[in-house]
Amino acid sequence: MSKKLMKINMLVSVCALLLLSGCTRSISQIDKQGQTAEPVFPAVSSAVRSEGSYPNVDALMNVKPGMTKAQLYELIGVPHFKEGVFRVKEWDYIFHFPVEGQEDITCQFKVLFDNQMKAQGIYFLPQNCLSKLKAPIQRELRSEALFPFASATLSYSGIAQVSALAAELKVIGLEGGRVLVLGHTDRIGKPVDNQKLSQDRADAVKRLLTIQGIPASIIDTRGLGDSEPRVDCPGRKSNAVIACLAPNRRMTVDVVIH
């Protein structure tokens, strides 16, 4: 046998041993979709970075299903536990959150990946970690990004964005909290029609949030029509006026933790 062939055989053997030795080790039972019925968190003492880190909360709120590992690196940094070498499907972190006048809050954070190495399962220990911060959270989207013109039926893009919002709310943890969905329109059209459209759209967002696992009992909706404009654009209906009034056509979601 030639030396070149021997090297190839040796390389194949080493690769096989690496794969068999648990280089894809996971401590949670993860399915192909990157989910688990019961996330298992490692002991903090086993972390390679046991001091943890203080994440940017706004960046952490942007973590959502479907992200790549590179995108997660940019948002929350390198995981704090050594969990394998090849096709790692489980990342764990130790995060600290400062609270004015109190001791820092410390939580563990876990991201699970599917077979395409896209983030799917997102978990905190304790589950209500961020709710302890008691910080109000607001998300705002333009109505055009969620609904077709003059319609209260969510578009495909709208479904995706509200589903992503539901995933974010689950990460935050809503124990003892309330979610308020507010619909706004511009001044074009009859006020009574604008009020009804804004209410119907807020209700549509609530229905999808509920389907995505947010309890209906904690979600309130309110249609405000054109009563709270952000901008004032004088003149009759025209393409220029419609474009100018865009900031008034919006959906806001306020989350308050008591």
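Shown above is the structure to which this text applies.
What you are looking at is a predicted structure, and each value in this text was computed from that prediction instead of being measured.

Colleague: How should the overall build of the protein be read in this particular structure?
Modeller: The number of helices and strands found in the protein is six helices and seven strands. Put simply, the protein runs from its N terminus to its C terminus through helices and strands in the order α-α-α-β-β-β-β-α-β-α-β-α-β. For the protein, the residues scored as buried account for 43% of the 258 residues in total. Taking the contacts inside the protein whose residues are at least 6 apart along the sequence as the reference set, 67% of them involve residues at least 24 apart.

Colleague: How do you make sense of the state of the cysteines when you look at a structure like this?
Modeller: Between two cysteines, a covalent bond joining their sulfur atoms is known as a disulfide. Under the defined criterion, the tally for this structure stands at two disulfides. A sulfur-sulfur separation of 2.0 Å characterises the disulfide bridge that pairs C107 with C129. Around the S-S axis, the bridge from C107 to C129 shows a dihedral of about 95° and counts as right-handed. Note that C107 is positioned in strand 2 (residues 105-113) and C129 in the loop between strand 3 (119-125) and strand 4 (137-142), a separation of 22 residues in sequence. Neither residue differs from the other here; C107 and C129 are each classed as buried.

Colleague: When you look at the sheet that holds strand 1 (residues 90-97) in this model, what are you seeing that I'm missing?
Modeller: Sheets are built from strands paired through backbone hydrogen bonds, the pairs being either parallel or antiparallel. Pairing is antiparallel in the open sheet, where three strands are placed in the order 1-2-3. Either end of the sheet is taken by a strand with one partner, and the two such strands are strand 1 and strand 3. Averaged over all pairs of adjacent strands, the angle between their axes in this sheet comes to 20°, without regard to strand direction. In the sheet, strand 2 pairs with strand 3 via six bridges, with the strands oriented antiparallel. Directly across from V111, in strand 3, lies its bridge partner I122. Against the sheet, helix 3 (residues 69-76) touches strand 1, strand 2 and strand 3, its axis set at about 15° to strand 1.

Colleague: Help me out: how do you make sense of helix 3 in this one?
Modeller: Two residues of an α-helix separated by three or four positions point the same way, owing to the 3.6 residues in each turn. Those residues of helix 3 not exposed but buried are K69, L72 and I76. On an axial view of helix 3, the arc spanned by its buried residues comes to 55°, and they lie on one face. One or two steps after helix 3, the chain reaches G77, where phi turns positive at roughly 85°.

Criteria and cut-off values
- Residues numbered from 1 in each chain as written.
- Predicted model: local features only at pLDDT ≥ 70, side-chain atom pairs only at ≥ 80, totals over all residues.
- Heavy atoms only, no water.
- Helix = DSSP H or I, 4+ residues; strand = E, 2+ residues; numbered from the N terminus.
- Buried < 20%, exposed > 50% of the residue type's maximum accessible area, 1.4 Å probe, protein only.
- Contact = heavy atoms within 4.5 Å.
- Disulfide = S-S within 2.5 Å.
- Pairing = 2+ DSSP bridges.
- Axes fitted to C-alpha atoms, helices over the stretch in contact; angles between N-to-C directions.
- Arc of directions from axis to C-beta.

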